[in-house]
Amino acid sequence: MTSATSLQWKTYALLAPIVLFASTGNVLLGKGMKQVGEVQDWSPSGLGGLFVKTFINGWVWLGIGSLLLFLVSFMVVLSWADYSFVMPASAASYAVATLMSHWLLGELVTTLRWVGVAFICLGVALVTRTPSSSRG
Amino acid sequence: MRTALCLSLVVLGTTGGEVTVTHAMKKIGEVRSFAVRSLLSFLRRALREGWFWAGIGLLALSFFSLLALLSWKDVSFVIPATAASYVTGAVGARLLLGERLTPLRWAGILLVTLGVALVSLSG
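Residues numbered from 1 in each chain as written. Chains lettered and ligands numbered in written order. Predicted model: local features only at pLDDT ≥ 70, side-chain atom pairs only at ≥ 80, totals over all residues.

Novice: Please explain the overall build of chain A as it appears in this structure.
Specialist: For chain A, the count of helices and strands is six helices and zero strands. Shown N-terminal to C-terminal, the secondary structure of chain A runs as helices and strands in the order α-α-α-α-α-α. Compactness check: chain A gives a C-alpha radius of gyration of 18 Å against a globular reference of 14 Å for 136 residues, more than 25% above the reference. Along the first, second and third principal axes, the C-alpha atoms of chain A reach 60 × 35 × 25 Å. Within chain A, buried positions represent 42% of all 136 residues. Counting only contacts in chain A whose residues sit at least 6 apart along the sequence, the fraction spanning at least 24 positions is 82%. (Helix = DSSP H or I, 4+ residues; strand = E, 2+ residues; numbered from the N terminus. Rg over C-alpha atoms; globule rule 2.2 N^0.38 Å. Buried ≥ 20, exposed ≤ 12 C-beta atoms within 10 Å, placed from the backbone. Contact = placed C-beta atoms within 7 Å.)

Structural data, given as structure tokens:
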């Protein structure tokens, strides 16, 4: 295997945890913040109270943990790969989240959303056909 | 207005933060081994890199704006609406990191942006 091919496969291997942890983290944070409730009082004491409520919410911490794992995977892959390669390629998380919500949670997915997912998949396919590092 | 402001902070904070973190990682050098010791050594070097902390500061700004936004807007709106960061990220990679973006990569990035926007509309 040439060095460029090995680099490309190494990049693909790290894109998997990036996609998984990013989508999981965002869903968990969303669930946690809905429990915390809407920001209605913008005074320092109101924001302080919201801050405390946010940081004692278990879903928020699970989301933060997932996003930290995402950050470490992201840092490692960026030590060799282009940001302009990794960033769009990780958008595969939208397709994964949609497929998971449809197949595992039985959620209704509209035609427009499927079209959007198809565009994302096509875009990710094009980006991943380019070398992961333009430094050679 | 507050939604537009928070969304701008999320998008620009993400792009600025990720471009800065990328610069820091390139300075540290390629991770060649996935052994725990080698990964810990990589993380230690990252934690001593000033650019890394500047990037984390921008990502923190983006993160807290995201948390605030999620308290009054649905995930199905907020996450797809950050699609603009794909375009700002590509511009940042070209101008600030000097990456070479081929027409094929630009086409892919634009398709991803369009796809994420469509997913957003259907939310």
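Novice: How should I be thinking about helix H3 (residues 58-78) of chain A in this particular structure?
Specialist: With 21 residues, H3 of chain A should cover 30 Å at 1.5 Å per step; its first-to-last C-alpha distance of 30 Å lies within 8% of that length. Three or more residues of H3 of chain A are buried, namely Val-60, Gly-63, Ser-66, Phe-70, Ser-73, Phe-74, Met-75, Val-76, Val-77 and Leu-78 of chain A. Considering only its buried residues, H3 of chain A is in contact with helix H1 (3-36), helix H2 (44-55) and helix H4 (83-89) of chain A together with helix H1 (2-28) and helix H2 (36-47) of chain B. (Expected span 1.5 Å × (residues − 1).)

Novice: For this particular structure, what's the right way to read the interface of chain B and chain A?
Specialist: Frequently, the measure chosen for interface size is the accessible area that the parts lose on association. Chain B puts 41 residues into the contact, and the matching count from chain A is 38 residues. For the side of chain B that touches chain A, the secondary-structure elements that each account for two or more residues are H1, H2, helix H3 (50-70), helix H4 (75-81), helix H5 (84-95) and helix H6 (103-122) of chain B. At 14 residues, the largest contribution of residues to the side of chain B that touches chain A is made by H6 of chain B. Split by residue class, the side of chain B that touches chain A holds 28 nonpolar, eight polar and five charged. (Nonpolar A, V, L, I, M, F, W, Y, C, P; charged D, E, K, R; others polar.)

Novice: It is not clear to me how the nonpolar core should be interpreted in this structure. Could you clarify?
Specialist: Grouped burial of nonpolar side chains is what soluble globular proteins tend to show. Formed by 48 residues in total, the largest nonpolar core has its most connected members in Ile-18, Leu-78 and Ile-120 of chain A. If sequence neighbours within four positions are ignored, Leu-78 of chain A has contacts with Tyr-83 and Val-86 of chain A together with Val-21, Thr-22 and Met-25 of chain B. Grouped together as the second largest cluster of nonpolar side chains are 16 residues, Met-33 of chain A together with Val-11, Leu-66 and Leu-70 of chain B included. (Core = buried A, V, L, I, M, F, W, Y, C linked by C-beta atoms within 7 Å.)

Any functional reading would require information beyond the geometric quantities listed.
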